[in-house]
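Structure assessment
Now for the letters of each chain:
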Amino acid sequence: MNSIPITSGVYVLVFHLSRKTDITFDRKGSQHSFPPGWYLYVGSACGAGGLRGRLARHQRHTGDRKRFHWHVDYFREHAMLCEIWYCATADSAFEHHWAKTLTALAGATVPVPKFGASDCNAQCPSHFFHLSGRPSTAAFRASVESQNLSTKVFVEFIEEPRGKKQAVREIHFEYLLGRQFLERRRRAIPESGLEPGQWDSLAKHRPARQLAEQVAEQMQVSFPAITEAIAFATAVETLIENCGADVLPVLFDPHRPQGRKAIMRLSRTSNVRQQYRVAGVIEGRSRSVAPHRDDSVYDTESVREVLSRLQRVRGILKILLDQLRTAHEDVVSEANRLSRLCRLSAQRLGDCLKSRVASASAVSREFHKKTIMSMLRSKAVTGGTIGLARLALRFTVKNLWNYEEMIRRGLVPTEKELQEILGEVKEIHDVTRKIECLAGSQS
Ligand SMILES: [Zn+2]
């Protein structure tokens, strides 16, 4: 920042907005919805402090010795400031020349007419522009220099940590916003005399809809924004229920921020997986709470889950067999290799359950997680058909991987369940044999 001169000049602020954001400007509540992407704001600094003072102000957030003054101040609270382009000049008309140059950049559009240009007498459509891709400094520089609108355009890159903090502020704000609704709903349910389930839906004419609309109005956000906030806050509350309140400093750690998507994805997994992931971040084993397929997590809660996984495998294999009839021979031979492992691992599961063994040797080397995972990750053959074969194998071996823990927890199938499981194993055997014949006839 110290390299920026204290003389007057013009500048462009380059912002990035990670997702669609509704922003309310001024106390009158005028609101606008901004699509994700890149935003360019052009301004000039002529007063005391010059460029350096003005650009330092733009970098700060409100409350940090700064009040809302310009439209761009409201926008800045939601976006990440990534770059500043500037040149020293005493000619304030440059601001409008630069705005016109930005208008001409490929893909530039005007998100809000006259934004930042309410006192512009030069008929600029706006001093604020949107681009879906990152704007090219080189293209802008070449353009202004060829028009003699600057001797040199300087570029200042803004440091990353500020951006991370901004991301945490955004999701934390969203959580608090959604919680406003959740808490008011909790209080409203007993008073309403309705079943709690009737408060789930946000569909029109449902009681929760009206409440969500009230909260949106009070908090000055749009209805789509409040529904997203409710979904996000619900996800966070689920994680608190399953992992304890310790999860909050993990999710909103300004030094190691978690992504919104990662939090949402984690909330949709089993409680065991959530605890595993959160503990991993606390203990420094991993950075992100995002669930990963290699997580060593036990999540078989009942024998029915084993059965339902096998039923899915059977369904997947039948579709696979159909698709293989017209598939390329590479695909057929790879699918055959995977489906053979499906058969053997299902067989092994059936044998173990029948003889009620409980030892570690239940999982042979052939089905070790490492062996299977490296096979599943091999992308030598690609496409939807081979994807089915991989999925079938994943579901089947999962039963074996969880087998020991399942027995340790006393999850032993009843005689009826055992017969159902063995029935599925037989079905899997038959269909994988058909795949084998198909592969044999091709080679
Ligand atoms: Zn202008």
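What this report covers is the structure whose coordinates are included nearby.

Cut-offs used in this document
- Every chain is numbered on its own, with residues counted from 1 as its sequence reads.
- Only residues with pLDDT of 70 or above have their local features reported here, since the model is predicted, and side-chain atom pairs are shown and tallied only from 80 upward, although totals for entire chains, interfaces and linings are computed over all residues.
- For the side-chain quantities, the full set of heavy atoms in the structure was used; hydrogens and water were omitted.
- Elements are defined by DSSP. Helices are runs of H or I of four residues or more, strands are runs of E of two residues or more, and each kind is numbered from the N terminus.
- Only C-alpha atoms enter the radius of gyration; for comparison, a globular chain is expected to reach 2.2 Å times N to the power 0.38, where N is the number of residues.
- The classification of residues rests on relative accessible area computed with a 1.4 Å probe and restricted to protein chains. Under 20% of the type maximum is buried, over 50% is exposed, and intermediate values are partly exposed.
- Pairs of residues are marked as contacts when any of their non-hydrogen atoms sit within 4.5 Å.
- For the accessible areas, the method is Shrake-Rupley and the probe is 1.4 Å, while residue cover comes only from the protein chains on display.
- Neither His nor the chain ends is counted toward charge; the positive residues are Lys and Arg and the negative residues Asp and Glu.
- To locate a charge, the coordinates of NZ of Lys, CZ of Arg, CG of Asp or CD of Glu are taken.
- Shown as donors are all N, O and S atoms within 2.8 Å of a metal ion, widened to 3.2 Å for Na, K and Ca; because water is not in the atom set, sites may appear incomplete.
- In short, tetrahedral needs four donors with all angles between 85 and 135 degrees, square planar needs four and octahedral six donors with opposite donors over 155 degrees apart and all other angles between 65 and 115, and whatever is left is irregular.
- Nitrogen and oxygen atoms within 3.5 Å of one another constitute a polar contact, given that in protein one can donate a hydrogen and the other can accept it, and given that sequence-neighbouring residues count only through two side-chain atoms.
- Criterion for a salt bridge: a side-chain nitrogen of Lys or Arg within 4 Å of a carboxyl oxygen of Asp or Glu.
- Whether two strands pair comes down to DSSP finding at least two bridges between them.
- The criterion for an aromatic pair is that two Phe, Tyr or Trp rings (for Trp, the six-membered ring) have centres within 6.5 Å, with stacked assigned to planes under 30 degrees apart, edge-to-face to planes over 60 apart and tilted to the rest.
- Every helix has an expected span of 1.5 Å times one less than the residues it contains.
- Definition of nonpolar core: a set of buried residues of the types Ala, Val, Leu, Ile, Met, Phe, Trp, Tyr and Cys, connected through side-chain atoms within 4.5 Å.
- The directions from the helix axis to the C-beta atoms form the arc being described.

This brings us to the overall build of the chain. The helix and strand inventory of the chain stands at 16 helices and seven strands. Against the globule reference of 22 Å for 443 residues, the chain gives a C-alpha radius of gyration of 30 Å, more extended than a compact globule. In terms of principal-axis extent, the alpha carbons of the chain reach across some 90 × 65 × 40 Å. The burial tally for the chain puts 46% of its 443 residues in the buried class. Long-range contacts, defined here as pairs at least 24 residues apart, represent 72% of the contacts in the chain between residues at least 6 apart. About 22500 Å² of surface is accessible on the chain, with carbon and sulfur atoms providing 51% of the total. Counting 65 positive and 47 negative side-chain charges, the chain places the averaged centre of each group 2 Å from the other.

The subject of this paragraph is the coordination of the zinc ion. Ligation of the zinc ion by protein atoms is provided by His96 (ND1), Cys120 (SG), Cys124 (SG) and His127 (NE2), these donors lying 2.0 to 2.3 Å from the ion. What the four donor atoms of the zinc ion show is an angle range of 104 to 119° at the metal, which sorts the shape as tetrahedral. Spacing between the donor residues of the zinc ion along their common chain follows H-x23-C-x3-C-x2-H. Placement of the pair is histidine 96 in helix H3 (residues 94–103) and histidine 127 in the loop between H3 and strand E6 (128–131), with a sequence separation of 31 residues. Relative accessible area serves as the criterion here: at 17%, histidine 96 is assigned to the buried category.

Here we take up the side chain of histidine 58. Within the secondary structure, histidine 58 sits in helix H1 (residues 50–59). A polar contact of 2.8 Å, which involves the side chain of histidine 58, links it to the side chain of tyrosine 11.

The tally for this structure, following the rule as stated, stands at 16 salt bridges. A salt bridge links aspartate 73 to arginine 57, with the shortest nitrogen-to-oxygen separation between them at 3.1 Å. One end of the pair, aspartate 73, is in helix H2 (residues 71–76); the other, arginine 57, is in helix H1, and 16 residues separate them in sequence. Summarising the burial analysis for this pair, aspartate 73 and arginine 57 share the class buried. Across the pair glutamate 405 and arginine 409 runs a salt bridge whose closest N-O atoms are separated by 2.8 Å.

With that settled, consider the pairing of strand E5 (residues 80–88). Where a strand is regular, its side chains alternate between the two sheet faces. The buried fraction of E5 amounts to seven of the nine residues, a majority that puts the element mostly inside the structure. Pairing geometry for E5 and strand E7 (residues 154–157), over four bridges, is antiparallel. Paired with isoleucine 84 across the bridge in E7 is glutamate 156.

A word on unusual backbone geometry. Of note in the backbone geometry, histidine 205 takes a positive phi value of approximately 70° without being a glycine. Along the chain, the position of histidine 205 falls in the loop between helix H5 (160–192) and helix H6 (207–219). One non-glycine residue, arginine 356, lies in positive phi territory at about 55°. Within the secondary structure, arginine 356 is located in the loop between helix H12 (329–355) and helix H13 (369–377). Under the relative-accessibility criterion, arginine 356 is labelled exposed at 52%.

Moving on, we get to the packing of aromatic side chains. Applying the stated criterion across every chain, the model contains 14 aromatic pairs. Taking 6.2 Å as the distance between ring centres and 80° as the angle between the ring planes, the aromatic pair formed by phenylalanine 34 and phenylalanine 128 counts as edge-to-face. Pair noted here: phenylalanine 34 is in strand E3 (residues 30–34) and phenylalanine 128 is in strand E6, with a separation of 94 residues, a long-range link. On the basis of relative accessible area, phenylalanine 34 is assigned to the buried category, the value being 0%.

All right, on to H6 then. Between its first and last C-alpha atoms H6 spans 19 Å; for 13 residues at 1.5 Å apiece the expected length is 18 Å, and the two agree. Residue glutamine 220 follows H6 closely and has a positive phi angle near 60°.

Turning next to the nonpolar core. Here is a general trend for soluble globular proteins: nonpolar side chains tend to be buried in one another's company. Grouped together as the largest cluster of nonpolar side chains are 47 residues, with contacts concentrated most on Leu317, Leu320, Leu324, Leu393 and Ile421. Those elements giving two or more residues to this core turn out to be helix H11 (303–324), H12, H13, helix H14 (384–401), helix H15 (403–408) and helix H16 (415–442). Once you skip the residues sitting within four places of it in the chain, isoleucine 421 turns out to touch Val303, Val306, Leu307, Leu310, Leu353 and Pro413. One finds Phe181, Val236, Val247 and Ile263 within the second-largest nonpolar core, a separate group that totals 37 residues.

A rise of 1.5 Å per residue sets the reference length of helix H10 (residues 271–282), with its twelve residues, at 16 Å; its end C-alpha atoms lie 16 Å apart and thus fit the reference within 8%. Taken together, the buried positions of H10 are Arg273, Gln274, Arg277, Val278, Gly280 and Val281. In an axial view of H10, the angular spread of the buried residues amounts to 155°, which keeps them on one side of the axis. Along its buried surface, H10 packs onto helix H7 (223–243), helix H8 (247–251), helix H9 (260–267) and H14. Of the residues trailing H10, glycine 284 is marked for its positive phi of about 80°.

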